Each structure stands twice: as C-alpha cells, then as structure tokens.
Amino acid sequence: MGEEAAEQCDDFGWTPTGTIDPTLVAKVSQHPGYGVGRAWSAKATYDLSHAPKRIYLVHTVEGGFDFTVDGETVTTEAGQLVLLDGDAPTSARTRAATARFVWHLTPTFLSPRSHRFRFHEPLSVNNGTMRGLMALTNATLRQPEAGPASAHVGHALEHLIAGALQEAGKQSDSTDGLHRDDLFSAAQSVIEAHFQDPAFDVTRLVRELSSTTRHVHAAFRTFGTTPRRQIEERRLAEFERLAPQILSLTQVAERSGFSSVRQYTRAVARRAN
C-alpha cells in the first residue's frame, strides 16, 4: 500500500504527483506490448507518461476522475471507460474514493489515428464483454507469468476492449448495482479504520457497511479478491512496515492486527497460494 503501490503505478505509466495517498492499493502485470492492473485510492493525482506508441485505458468501477488531456478537462464516472492516446499530454485527479481497472497496449488496430472509436471521450460500458475483460485481467494478475501465452493474451485483451466498446453503443444507460452502492470504496475505509483490531473480521465488516454478506462478497469479486483476503493484505502491509522497528515478532504481529504470530504465518502462506 502507499509508497509501494505508487511505485507500481509509476512503472505502469501513471506517475503519482503531490502527496502519496497512504491507502493507495495497486496491482499490475506487464508484458511485451501490454499491461493490466487495478487500483483503489481515497485520493490521488497522476501525470501520464509520454508514450507515442501506446494507448492507455481506464475503467472506473467506483468514484470518478477528472482527466486533463491537451488542456481540456474530461470527467469520468462509475461504469465508464475512457481511451487515452499515449502521445497526448494527460494528467488525472480522482474526484472521490476511486476503484479502477487500467490497461496499456501497443495496439495492432485500436490506433487513435485509424480506428473509429473515439479517444478521450468517456463511454458507459456495462456489458458481458466488459465483464469478460475484467475477468481476464483478474486472472492475469493472479498468475502474472503468462509464459508462451503472453502474446495471445495481449491480442485477446485488444479484441475484448474493441468488443466492449462496440457493444456499449447498443446498451442502455443503466449501471450495475455494485457501482451505485460504492461498496468496495466504503469497505476500504472500514478496513483501514479497524484492521488493527484482531477481532475485526468479515462479519464485522458487513455489519459496519449495513449490507449483506452476499452483496459485500460480490463487490470484492469484481476486483478479483475477497473481504477476508483484503483484511489480511492490509495487516500484512502493516506488519512489513513495522518489522524494521525494534519490536519482538509478537509485538509486530499484534500491532498489525493479527491475534498471534501463528495467524500471521498462516496469512503469509495463503498469500503465497
């Protein structure tokens, strides 16, 4: 979280500016010709790296962005996808706590100078192809080493993006219930407030959100994770932050929100699987 996540964003092409949001969470996977990722932050500002051969895409799941592209402001909301030309000077600022998927491609046919899809214009995208694109992204992030299949995954991403854009022109303006509820963003705030309490668990999280277990799990599933895993990830990040201090292993575990060193060890093992 925080600085480490900001480094991942920077490496991906989005350079954080100003104060780094300590709650920033990011996960990316990059391969020759393309990259995929997802992120969440309470607030953040970025400059997009100049990359004339690339296109960038941002799909806002919750929250929203103000992009400045060639001096013009472009605003996106939950459920919208925007294509960005890597050759155009671009900066971004979150308008609220924002969850998003991000991609970059060296396109074979989605070029801003030759393709009919418009760049720098947000488009509401809520269709099966978009969900397929997010599912492929989550799968790639779980197994970042694509090996010999890497090039095929890149081509699949580009075609899924084109399909989602084409299908979006025929869909209604309705948005997914998860977007309206902003559950994922609300859950991040609750986790940040309570993760250091060893008694805090998914049941408490659901109660704090005044929601249902099924609804909360569905919100996290969109981002390829679970509430329990997210709570553990926050505790593991805190453990790694505290470990260099002069504390015993038991003290570090307890201050990170684990009930014991054994519980911490089990969380590390689950992360590795």
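Residues numbered from 1 in each chain as written. Predicted model: local features only at pLDDT ≥ 70, side-chain atom pairs only at ≥ 80, totals over all residues. Heavy atoms only, no water.

K.L.:
Just checking my understanding: could you explain the packing of helix 8 (residues 227-242) against helix 10 (residues 261-272) for this structure?
P.N.:
A packed helix pair is summarised by two numbers, namely the angle formed by the two axes and the spacing between the axes. At their nearest, the axes of helix 8 and helix 10 sit 10 Å apart, and the two run at 115° to each other. Considering their axes alone, helix 8 and helix 10 lie roughly perpendicular with respect to each other. Crossing hand, helix 8 versus helix 10: left-handed. In contact with R228, E232, E233, L236, F239 and E240 of helix 8, helix 10 contributes Y264, A267, V268, R270 and R271. In the contact of helix 8 with helix 10, the residues fall into 5 nonpolar, no polar and 6 charged. (Axes fitted to C-alpha atoms, helices over the stretch in contact; angles between N-to-C directions. Helix = DSSP H or I, 4+ residues; strand = E, 2+ residues; numbered from the N terminus. Parallel < 35°, antiparallel > 145°, perpendicular 65-115°, else oblique. Left-handed = near helix turned anticlockwise from the far one by under 90°. Contact = heavy atoms within 4.5 Å. Nonpolar A, V, L, I, M, F, W, Y, C, P; charged D, E, K, R; others polar.)

K.L.:
Honestly, the packing of helix 5 (residues 183-194) against helix 7 (residues 213-221) in this entry has me stumped. Any pointers?
P.N.:
At their nearest, the axes of helix 5 and helix 7 sit 9 Å apart, and the two run at 100° to each other. The angle between the axes of helix 5 and helix 7 places the two elements in the roughly perpendicular class. The residues of helix 7 that touch helix 5, namely those facing L183, F184, A187, Q188 and I191, are H215, V216, A219 and F220. Partitioned by chemical class, the residues of the contact of helix 5 with helix 7 number 7 nonpolar, 2 polar and no charged.

K.L.:
Would you explain a negative patch on the surface in this entry?
P.N.:
There is a patch of like negative charges on the surface, built from E3, E4, E7, D10 and D11. Following the sequence through the fold, E7 ends up in helix 1 (residues 3-12). (Patch = residues over 30% accessible without salt bridge, like charges linked within 9 Å, V, L, I, M, F, W, Y side chains within 5 Å. Areas by Shrake-Rupley, 256 points an atom, 1.4 Å probe, with all protein chains shown as cover. Salt bridge = Lys/Arg side-chain N within 4 Å of Asp/Glu carboxyl O. Lys, Arg positive; Asp, Glu negative; His and termini not counted. Charge placed at Lys NZ, Arg CZ, Asp CG, Glu CD.)

K.L.:
Sorry, what's going on with the pairing of strand 6 (residues 64-69) here?
P.N.:
Both faces of the sheet carry side chains from a regular strand, because those side chains alternate between them. Counting buried positions along strand 6 gives 5 out of 6 residues, so the element sits mostly inside the fold. Note: strand 6 against strand 7 (residues 72-77), 6 bridges, orientation antiparallel. Considered in strand 7, the bridge of G64 is made with E77. Note: strand 6 against strand 9 (residues 90-94), 5 bridges, orientation antiparallel. Following the sheet pairing, F67 is matched in strand 9 by A92. (Buried < 20%, exposed > 50% of the residue type's maximum accessible area, 1.4 Å probe, protein only. Pairing = 2+ DSSP bridges.)

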